[in-house]
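# Notes for the structure review
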Amino acid sequence: MKKIIIILALFASFNNAHSMSVDDIVSAAKEAQQKQIIAPKFSLIDTQGNTHTNQSTQGKYLVVNFWATWCPPCLKEIPAFVEFYEKNQDRVLILGLDYEQADPDAIAQFTDTFMVNYPIILFDAHNGAQFTNFGEVIGMPTTYVYNPEGKLVDFKMGEMDIESLTKAISK
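Residues numbered from 1 in each chain as written. Predicted model: local features only at pLDDT ≥ 70, side-chain atom pairs only at ≥ 80, totals over all residues. Heavy atoms only, no water.

Here the amide bond leading from Met140 into Pro141 is cis, since omega sits at 0 degrees, within 30 degrees of zero. Looking at where Pro141 falls in the secondary structure, it is placed in the loop between β5 (120–122) and β6 (142–146). Even without being glycine, Met115 reaches a positive phi, approximately 55 degrees. Mapped onto the fold, Met115 is located in the loop between α4 (104–113) and β5. (Helix = DSSP H or I, 4+ residues; strand = E, 2+ residues; numbered from the N terminus.)

Another point: the pairing of strand β7 (residues 152–157). Strand direction decides the pairing type here: β6 and β7, joined by five bridges, are antiparallel. What sits directly across from Val145, in β7, is Asp154. With antiparallel pairing between neighbouring strands as the criterion, β6 and β7 make up a hairpin whose turn holds five residues, including Gly150 at a positive phi of roughly 90 degrees. (Pairing = 2+ DSSP bridges.)

Attention now goes to the side chain of Asn127. Checked against the element boundaries, Asn127 lands in the loop between β5 and β6. Those residues in contact with Asn127, other than ones at most four positions away along the chain, are Ser43, Leu44, Ile45, Ile121 and Leu122. (Contact = heavy atoms within 4.5 Å.)

So, on to the packing of aromatic side chains. Per the stated rule, a full pass over the model turns up 14 aromatic pairs. Relative to Tyr144, the ring of Phe66 has its centre 6.2 Å away and its plane inclined at 85 degrees; by these criteria the two rings are edge-to-face. Of this pair, Phe66 sits in strand β3 (residues 61–67) while Tyr144 sits in strand β6; the two residues are 78 residues apart in sequence, bridging distant segments of the chain. Residue classification places Tyr144 among the buried positions, given a relative accessible area of 10%. The interplanar angle of 40 degrees and the centroid separation of 4.8 Å between the aromatic rings of Phe110 and Phe114 together place this pair among those described as tilted. Among the aromatic residues, those joined into a ring-pair cluster are Phe42, Phe66, Tyr99, Phe123, Phe131, Phe134, Tyr144, Tyr146 and Phe155. (Phe/Tyr/Trp six-rings, centres within 6.5 Å; stacked < 30°, edge-to-face > 60°. Buried < 20%, exposed > 50% of the residue type's maximum accessible area, 1.4 Å probe, protein only.)

Moving on, we come to the confidence of the model for the protein. Taken residue by residue, the protein gives an average pLDDT of 84. The fraction at 70 or more is 79%. Low pLDDT, under 50, characterises residues 1–18; the predicted model gives this stretch zero contacts beyond four residues in sequence or across chains. (pLDDT = per-residue confidence, 0-100.)

Next up on the list: the state of the cysteines. Following the criterion strictly, the structure yields one disulfide and no others. The disulfide partner of Cys71 is Cys74, and the gap between their sulfur atoms is 2.3 Å. Handedness here is read from the sign of the S-S torsion; for Cys71 and Cys74, about 80 degrees, the answer is right-handed. Taking the relative accessible area as the measure of exposure, Cys74 reaches 0% and is therefore buried. (Disulfide = S-S within 2.5 Å.)

So, on to the pairing of strand β4 (residues 92–98). With seven of seven residues buried, β4 is to be regarded as a mostly interior element. Of the pairings in the sheet, the one linking β3 to β4 comprises seven bridges and is parallel in character. If you follow Val64 over to β4, its bridge partner there is Leu95. Handedness of the crossover joining β3 and β4 through helix α3 (residues 72–88): right-handed. Strand direction decides the pairing type here: β4 and β5, joined by three bridges, are parallel. Following the sheet pairing, Asp98 is matched in β5 by Leu122. (Right-handed = clockwise from strand over helix to strand, strands pointing away.)

By size, the foremost hydrophobic cluster in this structure holds 41 residues, and its most contacted members are Leu97, Tyr118 and Phe134. With sequence-adjacent residues up to four places away left out, Leu97 is seen in contact with Leu44, Val64, Asn65, Phe66, Trp67, Ile121, Phe131 and Phe134. (Core = buried A, V, L, I, M, F, W, Y, C linked by side-chain atoms within 4.5 Å.)

Listed below in structure tokens is the structure:
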């Protein structure tokens, strides 16, 4: 009899677990992760020679966007980042981390074409090893948003739009 009660209890728990949708599970995991993640220590040099560190970005929202020139969703979201940064650069810093080994001149020409107005960080000898400090990037684009205190408030794998960015900095 005890075995039957244990099996029924396990079955009931199993049924409750399956009644959660994938979105519910992802949302719960995202919420739990955001409560615990703080911006890592980093020192990244952008294409203009400026150094960005976790200390120099405090006091502003930090948007870390992993992208590549060969990534169609990355190219599609760049105009939204440009427009968002133009309107919010007094309280937001966007760092565009180009996750590919590309010729710096080709990236400069590329970013000029898209009129990128935020710092671009190349995957090179200095910066490359630090890219993984922000977390494993398994798809592109991937964007992390940290609040002025350095706490992760949002992240997304996939194309980001102005509405999502605006919502992230209102948390």
